[in-house]
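Below, each chain spelled out in residue letters.
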Amino acid sequence: MDEPALEQPQSEAPPAEPAPAQAHDTDGREFLALLIGVAGWAVPGLGHALQKMWGRALAVFLAVGALVILGAGMRGNLFTSRGEDAFATLGYFADLGSGAFYALARLLETAGPDVSHSTGDYGTRFLATAGVLNLLSALHAYEAARGRKA
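This section reports on the structure supplied with the text. This is a predicted model, so every value here is computed, not measured.

1. Focus: the packing of aromatic side chains
And then number 1: Tallied over the full model, the rule gives four aromatic pairs.
And then number 2: Each member of the aromatic cluster is reached from another via a ring pair, and the members are Tyr-92, Phe-93 and Tyr-102.

Quick look at the structure:
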């Protein structure tokens, strides 16, 4: 004998839309997350410090700071916005990623770059690495502020 199939009750109500207050809270949280991300870019580690992630904040600040000081001390090339080719433009954006430490590196670069020696070439890479590391850190602070598991 055939047994009758069990029918699932179907709801005819459409899915509920978020209440206006919830939508406003979400917009506020997104804006705050964006501010935290920008703060994390401007001052390395600040985005994490604002979220009371003290260990990460200190690690990012010290790592980016050390890379910038080493790179500038080795007379690495700090790219400017007047790049001649695509590599120089990418180098500028990588260097600019270090936020306020970009200005510090400009101040430390009194004698100009010396990439004719290997130390200057390594210094250029340290400066770019500092910027990219800070950009990744700022992205992490932004995602953590949005509530995403990072």
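2. Overview of the side chain of Ser-98
And then number 1: Its location among the elements puts Ser-98 in the loop between helix H4 (86-96) and helix H5 (100-108).
And then number 2: Side-chain polar atoms of Ser-98 contact the backbone nitrogen of Tyr-102, separated by 3.3 Å.
And then number 3: The residues touching Ser-98, leaving out its near neighbours within four places in the chain, are Trp-41, Pro-44, Val-64, Val-68, Ala-130, Gly-131 and Asn-134.

3. Quick look at the pattern of salt bridges
And then number 1: Enumeration over the complete set of coordinates arrives at four salt bridges.
And then number 2: Taken together, the salt bridges that share partners define one network made up of Glu-30, Glu-143, Arg-146 and Arg-148.

4. Details of the nonpolar core
The tendency in soluble globular proteins is for nonpolar side chains to be buried as a group.
And then number 1: Counting 13 residues, the largest nonpolar core has Val-64, Val-68, Leu-78, Ala-105, Leu-127 and Ala-130 as its most contacted members.
And then number 2: Broken down by secondary-structure element, the contributors of at least two residues to this core are helix H3 (54-73), H4, H5 and helix H6 (118-146).
And then number 3: Residue contributions to this core peak at four residues, all from H3.
And then number 4: The next biggest cluster of nonpolar side chains, apart from the first, holds five residues, and it includes Ala-33, Ile-36, Ala-141 and Tyr-142.

What counts, and where the lines are drawn
- Residues numbered from 1 in each chain as written.
- Predicted model: local features only at pLDDT ≥ 70, side-chain atom pairs only at ≥ 80, totals over all residues.
- Heavy atoms only, no water.
- Phe/Tyr/Trp six-rings, centres within 6.5 Å; stacked < 30°, edge-to-face > 60°.
- Helix = DSSP H or I, 4+ residues; strand = E, 2+ residues; numbered from the N terminus.
- Polar contact = N/O pair within 3.5 Å; in protein donor to acceptor, adjacent residues only side chain to side chain.
- Contact = heavy atoms within 4.5 Å.
- Salt bridge = Lys/Arg side-chain N within 4 Å of Asp/Glu carboxyl O.
- Core = buried A, V, L, I, M, F, W, Y, C linked by side-chain atoms within 4.5 Å.
- Buried < 20%, exposed > 50% of the residue type's maximum accessible area, 1.4 Å probe, protein only.

None of the figures reported here should be taken as evidence of function without further support.
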